[in-house]
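# Observations on the three-dimensional arrangement
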Number of protein chains: 4
Amino acid sequence: MNATEKRNRFRAVLAGPRCMSPATVFDALSARVAEAAGYEFGLLSGSVSAAIELAAPDMALQTLTEFAGQVRRVVRAGNLSVFVDADQGYGNALNVMRTVEELEHAGLAGLAIEDLVMPARFGAGGKDELVSIDEMKGKLRAALRARQDPSLVIAARTASLKSESIENTVARARAYASTGVDAVFVTGVKNLAHLDAVRAAISLPIIVGSAPTLTRAELEAHGARFCLLGHHVLPAIVKAMREVFVHLHEGGAPAALKPNIAPPEEMRQLLAGANYEAWVREYL
Amino acid sequence: MNATEKRNRFRAVLAGPRCMSPATVFDALSARVAEAAGYEFGLLSGSVSAAIELAAPDMALQTLTEFAGQVRRVVRAGNLSVFVDADQGYGNALNVMRTVEELEHAGLAGLAIEDLVMPARFGAGGKDELVSIDEMKGKLRAALRARQDPSLVIAARTASLKSESIENTVARARAYASTGVDAVFVTGVKNLAHLDAVRAAISLPIIVGSAPTLTRAELEAHGARFCLLGHHVLPAIVKAMREVFVHLHEGGAPAALKPNIAPPEEMRQLLAGANYEAWVREYL
Amino acid sequence: MNATEKRNRFRAVLAGPRCMSPATVFDALSARVAEAAGYEFGLLSGSVSAAIELAAPDMALQTLTEFAGQVRRVVRAGNLSVFVDADQGYGNALNVMRTVEELEHAGLAGLAIEDLVMPARFGAGGKDELVSIDEMKGKLRAALRARQDPSLVIAARTASLKSESIENTVARARAYASTGVDAVFVTGVKNLAHLDAVRAAISLPIIVGSAPTLTRAELEAHGARFCLLGHHVLPAIVKAMREVFVHLHEGGAPAALKPNIAPPEEMRQLLAGANYEAWVREYL
Amino acid sequence: MNATEKRNRFRAVLAGPRCMSPATVFDALSARVAEAAGYEFGLLSGSVSAAIELAAPDMALQTLTEFAGQVRRVVRAGNLSVFVDADQGYGNALNVMRTVEELEHAGLAGLAIEDLVMPARFGAGGKDELVSIDEMKGKLRAALRARQDPSLVIAARTASLKSESIENTVARARAYASTGVDAVFVTGVKNLAHLDAVRAAISLPIIVGSAPTLTRAELEAHGARFCLLGHHVLPAIVKAMREVFVHLHEGGAPAALKPNIAPPEEMRQLLAGANYEAWVREYL
C-alpha cells in the first residue's frame, strides 16, 4: 500500500459514519504488533515519541528531524495509515512549511498542527498559552501550501477547551476551518455539549483526543470520526520491561520468564521471517 | 558520568572476579527502566536493534549509521555502560575503522567485532560461514588503530563453536588475543569444558553469549566476566503491546488496562520530570 | 514536479534519440546552481559523495543511510531528475532491497547497481574484482522486486570492460538485461567498437560513464542515451576554496575577493529569497 | 587531536594577545582544504549551513539535528577547532540545554547563543527583535548547566548594536558576562568606539562578527580575540560551480576545464589517499 493509498483510507474514515481509533505506535516493532492485532491506523504523539527517543517529558524538546525519523521508521514497517501530532509545527509558519514537507516525505497519512505556544514562553510560569487566531490561520495556510500530495490530511488542532470558553473554542474552530484544512482536532473535551457546539459550527470532520470521560460510542454519535483513546501501551511496556529487568537483576532464571514473553513463532511472524527466507532462496 | 568513566567501569568488571550481566536495552526509555532496576550495564545486540528499528530478522540489514543512532539514543538517556555487538564491523577492515569511529563517538563502553561472514555470501545456502583467522586479525588490528579513547573496550567475538571443533576455536581465540584486543567473546558455549579450553589458552577476560544451558554462577566459576543471558525483554514487550492493542481494538475500555500499566509516578520518574520542573523554574 | 514526474522525464530520455549528460551535484546548493545553468538531470556518484561527506576516497566507506541523506538533500532542493551510482547495493541481494527502498524514498529518478565486489575483499591486493553473473542477476531481480514506484529507473552497471574481454562484457550485459532492468550502464568504454558490441547484444538503453576519450556526439551516434562526462565540479570548488582560504589566511583583504565570488543577487536567487519574502508577507 | 585539545586551543586564543580568524567551513572537504591552507580554526554559521543543506536563506529553518550532523561532518574531517553560531539555541532555555548537549557531542570547540527572537515572531513584519536580558540570562545559565566538558567554550552573542543604543549593548554585555559564559560575541560593530565601550564594561574575551569596515588589526588592537571576516567561500564555490556547469551544459569539452580545477595530486592529498593505501596494505 503506497502513501497515497494510506492517505485515502484515512480520508474515507473522516468522511464516513464511524469513529475509528488508532493504535499508539512508536517504532517498527510496535507498528507490526498493531497491524497483527487488526489495526489499520496508527498514531505517533509528541509525548510518546519524546518518551521513547529522549526519555523526556512532552516539552517540545524533540527536533523535527528526530520526529520525522521516528515517523519514517513506523511507516516503513507496514501498512498502517499513520496520523501524527506535529505540535505547533516546530516554529513559525515558515517552519510549518518544512514540517509538512518533512513529515509528508516520511510517509504519514495525516498530521495536526496545534494552536499552543511551544516551546513554553519565558516567564509563562509553566502555563499553557494559545497563539492568536490570526497567527494560527497563517500557519494552517502555510501548511496547506507546503503539501505536495493533496491526499495528505492536514488537521487544525486546538487546545482551547483547556483554558478558554466554549465560545472561544467555537470561534477558533470556525476560523481554522475557513483556511481549507481537512479536519479540526479538539482536545480536552469534557462533555458532549462541547462537541455538539463545535460540530454545529463547522462542516469538517472532527478528531477528538484526551477525552477519558467519554466513550468511543458517545463520541461517534456526536460527530467525532477519529478519536484517540490514550497511550496505555507506553506504561504497559514499562511495566513489562521493569518486571523482566528486576527478575534478571535479582538473579532470577531466564527460563522462568516464559509466561511473560511472546512465543518464538509470534516473533518470527512479526519480523516477517518467511519473507526473508523466501528472498534468500530466490536471490541469494 | 562521562564516556571514559563508563568505559573504565566496564574495564573494572572485566578485570575483576565476578561475572556481570547487562540489561538488553534498545531505546531511551528501556535504558531508563534498566537503570531504575539497578543495572549499570546495558547491551544492544544486532538482533534486537534490527527488530526495533526495521522489524526485520538479524540478517545484517541495518546500516552502521542506523545502529550508531540507536546506540546514541540509549547512551544519552543515562549512565549505563553500554556494550554492543557490532556484527562483522559493517564490511572489511577499512569499514571496521569507521565502525569503531562512529560507535566510539556514540559513547559506548565497549564493542565486539565478530568473525562471521556478513551479510551472507551468495550461494552459501543460508549457512553461517567464518572469515579466515588472518582476515579477522586484520580487522581487529584495524579496530584498535581506529580507537581514539584507549579506555574503550574492543572485544573479538567468535562464532567458531557453532561450526568448528574446539581446537579451532582455541586457535582462533589465541590468534585474536595476540592482536591486543581487550577481551574474547565466545558464543554458543554448550559446556564448561569448552570454556575451560578457551580460558587455558588466553590470559584475556572472556565474554560469553548464548549459553542458555549454563548459569551465570557456573560461567563465573569458569572464568567468564561478562555474560549475556538472552533478550527476553523483547518478546516481553511484544506480549504487553499485543495485549493492550487487542483489548482496545476489540472495544475494551481503556480504564480496564490499569493492572497492565506502570503507574503515573513511575512514568514521571523515568522521564526525569522533577529535573525538567526544576529547570523550568530556574531558567524559564 | 513530483518524484514520478522526475522519473518519467528520465525514462523519456532513455527512450529517445539523444544522449543527455547530468550535472554532478552533491548538496542543495550545487543542485540549485545546476538547475540555474539549465540542467534537468543531476548525478551523485559514490566518489563525489564520499569526498564531500567523509573527505575519503571511493572505497565503499559511506553507509547507505549517509548516502540516502545526501540524495535527499539534493533532490529536495529542486526539480532535477537525479540518477545515482548505488555501488554494489551496500551488501548482498537483501541489502540491495533496502538500498532500493531507501533511495527510492529519497526521491531519485534512477539508480545503478554495479557488479564489483565491494568493499574490497581481504587479500585482493587492491585489485577490482567482479561478482559472478549469477550473483549479479540475483541482486538485480531483488532490486526490481523492492521497487515500489514502477517509474523508478533501475540500471545494471558493469565494470567488466576494465578487466574482462569484450565477449565477457557482452555476456554480462545480455544476462543483466534478461532480469528486466531498465538500462545497462557500461564504464570504461575505450572505443566505439565496445559500445557497438554491447548495443548489438541488448535492446535496452545504454548509459556510459568514464569514457574520456570519446565525445558525447560519438557516444550518442553509437547508442548511448545518458553519458557521464566526469566530476570536474569537485576539483573546481577545491580550487576556488583553496584560493579564498589562502588569500584570507595570509592576511589578504576580504574585499579583494570580489572577482572570485558570485554577486549577491545570484546568491539571493539561488536561495529562493523571493519565495521566502512572499511567504513572510502571506503567513507571518 | 581530541575534542578537549581542540577546545583548549581555542581557549588559548581567547586568552592571548592576538585576534584570530576562522575559515568558513561546511562539509568534510571544505574542512580539509582549510586545514591544508594553514587554518587551525573553522566556523560554521547558520547562514552558510542553511545554504548548503537547504538552499534556503538564514531564517531559522534548519533543525538542531541537521545542524549538529553538519557540525559532526566538519569536525570529523580533521583537526580544526570549530566554532559555531547556534542561533537562539533552537527554542527556549530547555531547548538550549539540548543544543549544548548535541553540539558538544558533535565535537565542536565553542558555540554562541544569540539574543535574537528566532524564528521570527508572527506580526513582526520581518524586523529583527531581541529577547529580554532576563530571558537571555536564563538561556545562558541553562547552556552552562548543560555543558559536560568544561573546556567547551560558550559565548553570548548579541545583535543589540544593530537596533539598540550602545548603552543598551553595554548593559547586555555586562549582564551576559555575569552568567559565567566564556566570551561575548558582538555583531554589527561599525566603529572602534563601540568595541571600546564593550571592552571597558567586561573582562571577558570579545568575539566580533560582521564588521566589514574594520580590519583584523584594528579589531585586535581594540581587544577582539576572534573575528569573523565573512563567508566569501560560499559565493566563491557558487561561481566555480556555475562556470563548470555552464561550460559543460553548452557542450564545452571537459578537458578545457583543466585551468579551473585542482590537480589530481591535490585531490589525493585532501582525501588522505596515502593513509587509505597504507591501511589496505596493513589490514586488507
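In what follows, the structure referred to is the one given above.
Notes on the structure follow. (Residues numbered from 1 in each chain as written. Chains lettered and ligands numbered in written order. Predicted model: local features only at pLDDT ≥ 70, side-chain atom pairs only at ≥ 80, totals over all residues. Heavy atoms only, no water.)

## Some points on the state of the cysteines
Residues and elements named next belong to chain A. One pass over the full model with this rule turns up four disulfides over all chains. Each sulfur of the disulfide joining Cys-19 and Cys-227 lies 2.3 Å from the other. Here the residue Cys-19 occupies a position in the loop between helix H1 (3–15) and strand S1 (23–24), and Cys-227 occupies one in strand S8 (residues 224–227), the gap between them amounting to 208 residues. (Disulfide = S-S within 2.5 Å. Helix = DSSP H or I, 4+ residues; strand = E, 2+ residues; numbered from the N terminus.)

## Notes on the packing of helix H6 (residues 133–146) of chain C against helix H7 (residues 166–177) of chain C
Residues and elements named next belong to chain C. The interhelical angle for the contact between H6 and H7, taken along N-to-C directions, is 30°, at an axis separation of 9 Å. Compared by their axis directions, H6 and H7 come out roughly parallel. Read as a crossing pair, H6 and H7 show a hand that is right-handed. Across from Ile-133, Met-136, Lys-137 and Leu-140 in H6, the residues of H7 making contact are Ala-171, Arg-172, Ala-175 and Tyr-176. Looking at the contact of H6 with H7 residue by residue, the classes come out as six nonpolar, no polar and two charged. (Axes fitted to C-alpha atoms, helices over the stretch in contact; angles between N-to-C directions. Parallel < 35°, antiparallel > 145°, perpendicular 65-115°, else oblique. Left-handed = near helix turned anticlockwise from the far one by under 90°. Contact = heavy atoms within 4.5 Å. Nonpolar A, V, L, I, M, F, W, Y, C, P; charged D, E, K, R; others polar.)

## Topic: the relation of the copies chain B and chain A
Relative to chain A, chain B is turned by 180° and slid 0.0 Å along the rotation axis, the superposed coordinates differing by an RMSD of 0.0 Å. Read as a symmetry element, the transformation amounts to a two-fold axis. Among all residues of chain B, the minimum C-alpha distance to the rotation axis is found for Ile-237 of chain B, at 2.6 Å. The share of interface residues of chain B whose copies in chain A are also at the interface is 100%, consistent with both copies meeting through the same surface. (Least-squares fit on C-alpha atoms with pLDDT ≥ 70 in both.)

## Here we look at unusual backbone geometry
In the segment running from Met-118 of chain A into Pro-119 of chain A, the intervening peptide bond is cis, with an omega of -10°. Phi is positive for Ala-60 of chain B, close to 60°, though the residue is something other than glycine. Of note in this structure, Tyr-90 of chain D is not a glycine but carries a positive phi near 60°. As for its placement among the helices and strands, Tyr-90 of chain D is situated in the loop between strand S3 (81–85) and helix H5 (93–106).

## Remarks on the interface of chain B and chain D
For an interface, size is often stated in terms of accessible area lost upon the parts coming together. With 21 residues of chain B at the interface, the matching set in chain D holds 21 residues. Linking chain B to chain D there are six salt bridges. Of the charged contacts, one joins Glu-282 of chain B and Arg-145 of chain D as a salt bridge, the two residues approaching to 3.9 Å between their closest N and O atoms. Counting every contact that joins chain B to chain D gives 11 residue pairs in polar contact (both at pLDDT 80 or more). Of all elements in the fold, only helix H4 (64–76), helix H5 (93–106), helix H6 (133–146) and helix H12 (273–283) of chain B reach the threshold of two or more residues within the side of chain B that touches chain D. Counting residues per element, the side of chain B that touches chain D draws most heavily on H5 of chain B, which supplies eight residues. Of the residues that constitute the side of chain B that touches chain D, the class distribution is 10 nonpolar, three polar and eight charged. (Salt bridge = Lys/Arg side-chain N within 4 Å of Asp/Glu carboxyl O. Polar contact = N/O pair within 3.5 Å; in protein donor to acceptor, adjacent residues only side chain to side chain.)

## A few points about the interface of chain B and chain A
Each side of the interface is counted separately: chain B has 65 residues, and chain A has 65 residues. Taking both partners together, chain B and chain A bury about 5,700 Å²; carbon and sulfur atoms supply 72% of that area. In this structure, the connection of chain B to chain A is made through four salt bridges. The shortest N-O distance in the salt bridge between Glu-66 of chain B and Arg-76 of chain A comes to 3.9 Å. Counting across the interface, chain B meets chain A through 18 residue pairs in polar contact (both at pLDDT 80 or more). Of all the secondary structure elements, the ones that give two or more residues to the side of chain B that touches chain A are strand S1 (23–24), helix H2 (28–36), helix H3 (46–54), H4, helix H10 (233–249), helix H11 (264–270) and H12 of chain B. Counting residues per element, the side of chain B that touches chain A draws most heavily on H10 of chain B, which supplies 15 residues. A class-by-class count of the residues in the side of chain B that touches chain A yields 46 nonpolar, eight polar and 11 charged. (Buried area = accessible area lost by both parts, 1.4 Å probe.)

## Observations regarding the relation of the copies chain B and chain D
Once chain B has been moved 0.0 Å along the axis and rotated by 180°, it coincides with chain D to within an RMSD of 0.0 Å. Residue by residue, 100% of the interface of chain B is reproduced at the interface of chain D, so both copies engage with the same surface.

## Some remarks on the environment of Val-246 of chain C
All names here are of chain C. The residue Val-246 is located in helix H10 (residues 233–249) in this model. Of the residues examined, Val-246 reaches a relative accessible area of 27% and is grouped as partly exposed. Separated by 36 residues in the primary sequence, Val-246 and Ser-210 place their C-alpha atoms 32 Å from one another. (Buried < 20%, exposed > 50% of the residue type's maximum accessible area, 1.4 Å probe, protein only.)

From the geometry alone we can't say anything about function, so treat these as descriptive.
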